[in-house]
Each structure stands twice: as C-alpha cells, then as structure tokens.
Amino acid sequence: QVQLVESGGRLVQAGDSLRLSCTATGGSFIIYAMGWFRQAPGKKREFVAAVSRSGGTTLYADSVKGRFTVSRVNGKDTVYLEMSSLKPEDTAVYFCAGRRGIFGSMIEGEYGSWGQGTQVAVSA
C-alpha cells in the first residue's frame, strides 16, 4: 500500500484560501484514484472531493462544490486540494486517501490507504 502524508493545514480567517497537499511514497501513485475526507470535532468523517487516476474526472461534496478544487500531478506523486471562500464550518482534520481503481469514490470504505491528516481551522 502507498503511504500518504498531508501538509498545508493551518489557521486562516473566513473568506481566505488554502491549498492542501498529499504526497505518496512507497507505491505506484498512478494506480490510485485519490480522495479527500474531513472530520470535524465530534462528527463523523465525511467525503470532500475525489480525483481519478488520470486527473480527468473529479467528484465533490455539495458543501464544497464551487469553492474547492481537487487536482493531481502524477509526476510528483501528489494530490492537491485548493480551498477558497473558507467558512468556519470547514474547520476539520483533512485526510487524503488512496483507492486502487480508475475513479474516486464518495465511500470511505473503498479507500485502502490513508494519511494521518492535517488540521484546518477557519476563524469567523
């Protein structure tokens, strides 16, 4: 299984933008569709966005559609989550995940590789 490490999380103000990165090591990044999930305090982990192996197909949760953009650079074994117009309700630990398949999925259980997460806090 590929190992995943997220970075880029920090404290920002409402309305700000932030880019998260997730770099893979120890496996063939290209065979994985990638997803981003998040978990707010006291809540279940929820789907945020996903991107296919090629990067050509993306999927978003309704709550982030139009504000977040997921992308990947296979030559760098990295997937990104560009977040804009951040809101306090976006505060959460953000996880990237890898799924062996062509397309990403909204279903947490379909991902076999997970990072440790990076904290994003959005102040009002």
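Scope of this entry: the structure provided in the associated data block. (Residues numbered from 1 in each chain as written. Predicted model: local features only at pLDDT ≥ 70, side-chain atom pairs only at ≥ 80, totals over all residues. Heavy atoms only, no water.)

### Re the sheet that holds strand E1 (residues 3-7)
Part 1 of the argument: Here we have 4 strands laid out as an open sheet, ordered E1-E3-E8-E7, and antiparallel in their pairing. Each end of this open sheet is capped by a strand with a single partner; those strands are E1 and strand E7 (68-73). Sheet twist, expressed as the average angle between the axes of neighbouring strands with direction ignored, equals 15°.
Part 2 of the argument: When strand E3 (residues 18-25) meets strand E8 (residues 78-83), the two strands line up antiparallel, connected through 6 bridges. Counterpart to Arg19 in the pairing with E8 is Glu82. (Pairing = 2+ DSSP bridges. Helix = DSSP H or I, 4+ residues; strand = E, 2+ residues; numbered from the N terminus. Axes fitted to C-alpha atoms, helices over the stretch in contact; angles between N-to-C directions.)

### Some points on the pairing of strand E4 (residues 32-39)
Part 1 of the argument: For E4, the buried fraction is high: 7 of the 8 residues fall into the buried class.
Part 2 of the argument: With 8 bridges connecting them, E4 and strand E9 (residues 92-100) associate as antiparallel partners. Paired with Gln39 across the two strands is Val93, which belongs to E9.
Part 3 of the argument: Hairpin connection, E4 to strand E5 (residues 46-51): the antiparallel pair is bridged by 6 residues, and Gly42 has positive phi, about 75°. (Buried < 20%, exposed > 50% of the residue type's maximum accessible area, 1.4 Å probe, protein only.)

### Considering the packing of aromatic side chains
By convention here, two paired aromatic rings are described through the distance between centres and the angle between planes.
Part 1 of the argument: All chains considered together, the criterion is met by 4 aromatic pairs.
Part 2 of the argument: Relative to Tyr111, the ring of Phe37 has its centre 5.2 Å away and its plane inclined at 80°; by these criteria the two rings are edge-to-face. Of this pair, Phe37 sits in strand E4 while Tyr111 sits in the loop between E9 and strand E10 (113-114), and the two are 74 residues apart along the sequence. This pair shows no difference in class: Phe37 is buried, exactly as Tyr111 is.
Part 3 of the argument: Ring centres of Tyr111 and Trp114 lie 6.2 Å apart, and the angle between their planes is 65°; on these two criteria the pair is classed as edge-to-face.
Part 4 of the argument: A residue is classified by how much of its surface remains accessible, and Tyr111, at 5% relative accessible area, is buried. (Phe/Tyr/Trp six-rings, centres within 6.5 Å; stacked < 30°, edge-to-face > 60°.)

### A word on the environment of Arg53
Part 1 of the argument: Residue position: Arg53 is located in the loop between E5 and strand E6 (58-60).
Part 2 of the argument: Looking at Arg53, the relative accessible area reads 30%, which means it is partly exposed.
Part 3 of the argument: The sequence separation of Arg53 and Ala40 amounts to 13 residues, and the corresponding C-alpha distance is 27 Å.
Part 4 of the argument: In this view, Arg53 contacts Ile30, Ile31, Tyr32, Ala33, Arg72, Asn74, Gly101 and Ile102; residues no more than four positions away in its chain are not counted. (Contact = heavy atoms within 4.5 Å.)

### Concerning the pattern of salt bridges
Part 1 of the argument: Following the criterion strictly, the structure yields 7 salt bridges and no others.
Part 2 of the argument: Residue Arg38 is joined to Asp90 by a salt bridge in which the shortest nitrogen-to-oxygen separation is 2.9 Å. Taken together, the positions of Arg38 in strand E4 and Asp90 in the loop between E8 and E9 put the pair 52 residues apart, joining distant regions of the chain. With respect to burial, Arg38 and Asp90 carry one shared label: buried.
Part 3 of the argument: A salt bridge links Glu108 to Arg45; its shortest N-O distance comes to 2.8 Å. Of the two residues, Glu108 sits in the loop between E9 and E10 while Arg45 sits in the loop between E4 and E5, which places them 63 residues apart along the sequence.
Part 4 of the argument: Within the structure, one salt-bridge network assembled from shared partners comprises Arg38, Glu46, Arg67 and Asp90. (Salt bridge = Lys/Arg side-chain N within 4 Å of Asp/Glu carboxyl O.)

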